[in-house]
Amino acid sequence: MDHPTNTPAETTLGEQLLLLSLDDESGAEKESANVAYAIAAASLVELALAGRIEVDGDEVTVRDAAPLGDPTLDAALADIAGGEKKRRARKTKEWIEHLKRGAVAGTTKSLVAKGLVREQKKKVLGLFPVTRYPEADGSVEAALRRRLDEVVMRGVTPDERTASLVALLHGAKLQGLLYAKPELATAKENMERIAHSEWAAPAVRQAIKAAEDALTTIVVVTMVTTVAST
């Protein structure tokens, strides 16, 4: 069976999520709340893929505290290791909520440093300062979207990282970053199937399933809270 084309290995899952969420021209972020949680979850998934953490009974533990060389991931790993030393074990959902701010800030900074987006500061209505991140180099996102489309809509067998990204997008209900009607319904079905397939080692699948389940819970609670407050 065919395999998907490669996306540059130097982009992390969190960076890929952020690229998909940023408007190319304005730099405004779509689905910002859900994307923030997904990026934090992506840090956990990256650490699991690298063999640094494992999830047992939804509790996150460190297997190897050696840094990976990525500032955002290393900060997350140090945070988790520090929590273990203080005997403050946390479940996947708690770590996602805890890591959210640092993961998003670090991922944004990394995309700027890699020349994929540029920082643009301006004032809305001439009064309110905002920072946006329009596209600087669209080649990585274009390759990423092609690969995801191959997997999601054309049935190409995903590699471990692509399937992980699909699971994160599915768990955070971010399918709309890739597709609109009338393709959206089919994409959702296909992404759910991919997310729940046995495409990774059991330990990695457990970590990704925990992240996906936690994301779904967080997103549902956020939606309910938002509706209740309006």
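Residues numbered from 1 in each chain as written. Predicted model: local features only at pLDDT ≥ 70, side-chain atom pairs only at ≥ 80, totals over all residues. Heavy atoms only, no water.

Visitor: So what about the layout of surface pockets? Which residues, and what values?
Guide: Empty space within the largest pocket amounts to approximately 250 Å³. Around the largest pocket sit 15 residues that line it, and Leu-18, Glu-29, Val-104, Thr-108 and Tyr-133 are the ones nearest its centre. Of all the elements in the fold, those that place two or more residues in the lining of the largest pocket are helix H2 (32-49), helix H4 (92-113) and strand S4 (128-132). The greatest single-element share of the lining of the largest pocket, amounting to four residues, is contributed by H2. The residue inventory of the lining of the largest pocket, partitioned by class, reads nine nonpolar, four polar and two charged. (1 Å grid on protein atoms, 1.4 Å probe; cavity = no way out; pocket = protein on both sides within 12 Å on 5 of 7 lines; lining within 4 Å. Points joined across faces, edges and corners; volume = space filled by probe spheres on them. Helix = DSSP H or I, 4+ residues; strand = E, 2+ residues; numbered from the N terminus. Nonpolar A, V, L, I, M, F, W, Y, C, P; charged D, E, K, R; others polar.)

Visitor: Give a description of empty space enclosed by the protein that names residues and reports values.
Guide: Evaluation of the coordinates by the stated rule reveals two cavities of 30 Å³ or more. In terms of lining, the largest cavity is formed by 13 residues, of which the most central are Thr-12, Gly-14, Thr-72, Leu-73 and Thr-107. Put simply, the parts of the chain that give the lining of the largest cavity at least two residues each are helix H1 (13-21), H2, helix H3 (71-85) and H4. With four residues, the single largest contributor to the lining of the largest cavity is H2. Within this model, the second largest cavity holds a volume of roughly 40 Å³. Here the lining of the second largest cavity is composed, by residue class, of six nonpolar, no polar and four charged.

Visitor: Go over the pairing of strand S2 (residues 59-62), please, and point to the residues and values.
Guide: In the case of a regular strand, side chains alternate between the two sheet surfaces. Where burial is concerned, the two faces of S2 differ: the one with Val-60 and Val-62 is buried and the one with Glu-59 and Thr-61 is not. Sheet topology note: the strand S1 (residues 53-56)/S2 ladder contains four bridges and is antiparallel. Opposite Ile-53, over in S2, you have Val-62 as the bridge partner. In this antiparallel pair of consecutive strands, S1 and S2, the connection spans two residues, and Gly-57 shows a positive phi of 60°. (Buried < 20%, exposed > 50% of the residue type's maximum accessible area, 1.4 Å probe, protein only. Pairing = 2+ DSSP bridges.)

Visitor: How would you summarise a nonpolar patch on the surface if you had to cite specific residues and measurements?
Guide: Taken together, the side chains of Val-124, Leu-125, Leu-127 and Phe-128 make up a nonpolar region of the molecular surface, amounting to roughly 450 Å² of accessible area. Take Leu-125: it is sitting in the loop between strand S3 (120-124) and S4. (Patch = residues over 30% accessible without salt bridge, like charges linked within 9 Å, V, L, I, M, F, W, Y side chains within 5 Å. Areas by Shrake-Rupley, 256 points an atom, 1.4 Å probe, with all protein chains shown as cover. Salt bridge = Lys/Arg side-chain N within 4 Å of Asp/Glu carboxyl O.)

Visitor: Can you explain the pattern of salt bridges? Please cite residues and give values.
Guide: Going through the model one piece at a time under the given rule, you end up with nine salt bridges. Residue Lys-114 pairs with Glu-15 through a salt bridge whose shortest N-O separation is 2.8 Å. Taken together, the residues Lys-114 in the loop between H4 and S3 and Glu-15 in helix H1 connect sequence positions 99 residues apart. Under the relative-accessibility criterion, Lys-114 is labelled partly exposed at 34%.

Visitor: So what about the packing of aromatic side chains? Which residues, and what values?
Guide: Applying the stated criterion across every chain yields a total of zero aromatic pairs. The side chain of Arg-90 reaches across the aromatic face of Trp-95, ending 4.9 Å from its centre. (Phe/Tyr/Trp six-rings, centres within 6.5 Å; stacked < 30°, edge-to-face > 60°. Lys NZ or Arg CZ within 6 Å of the ring centre and 35° of its normal.)

Visitor: Go over the packing of helix H5 (residues 139-154) against helix H7 (residues 184-195), please, and point to the residues and values.
Guide: Where H5 contacts H7, the axes come no closer than 8 Å and their chain directions differ by 95°. Overall, the two elements H5 and H7 adopt an arrangement that is roughly perpendicular. Along the contact surface, H5 presents Val-151, Val-152 and Met-153, while H7 presents Thr-186, Ala-187, Asn-190, Met-191 and Ile-194. Residue composition of the contact of H5 with H7, grouped by class: six nonpolar, two polar and no charged. (Axes fitted to C-alpha atoms, helices over the stretch in contact; angles between N-to-C directions. Parallel < 35°, antiparallel > 145°, perpendicular 65-115°, else oblique. Contact = heavy atoms within 4.5 Å.)

Visitor: Requested: an account of the nonpolar core, with residues and values cited.
Guide: Most often, soluble globular proteins have nonpolar side chains that are buried together. Membership of the largest hydrophobic core comes to 68 residues, with the highest contact counts inside it found for Leu-17, Ile-53, Ile-80, Ile-96, Leu-148, Leu-168 and Leu-169. Contact partners of Leu-168, with chain neighbours within four places excluded, come to Leu-13, Leu-17, Ala-38, Ala-41, Ala-42, Val-45 and Leu-215. (Core = buried A, V, L, I, M, F, W, Y, C linked by side-chain atoms within 4.5 Å.)

Visitor: Describe the packing of H1 against helix H6 (residues 160-171), with residues and values.
Guide: Orientation of H1 relative to H6, taken along the N-to-C sense of each, is 55°, at an axis distance of 10 Å. The orientation of H1 with respect to H6, classified from their angle, is oblique. Here H1 runs over H6; the crossing is right-handed. Contact residues: H1 offers Leu-13, Gln-16, Leu-17 and Leu-20, while H6 offers Arg-161, Ser-164, Leu-165, Leu-168 and Leu-169. Its residues assigned to classes, the contact of H1 with H6 shows six nonpolar, two polar and one charged. (Left-handed = near helix turned anticlockwise from the far one by under 90°.)

Visitor: Provide a residue-level description of the environment of Ala-207, including the pertinent values.
Guide: By the secondary structure assignment, Ala-207 is in helix H8 (residues 202-229). The spatial distance from the C-alpha of Ala-207 to the C-alpha of Asp-58 is 7.9 Å, given a sequence separation of 149 residues. If sequence neighbours within four positions are ignored, Ala-207 has contacts with Ala-48 and Val-55.

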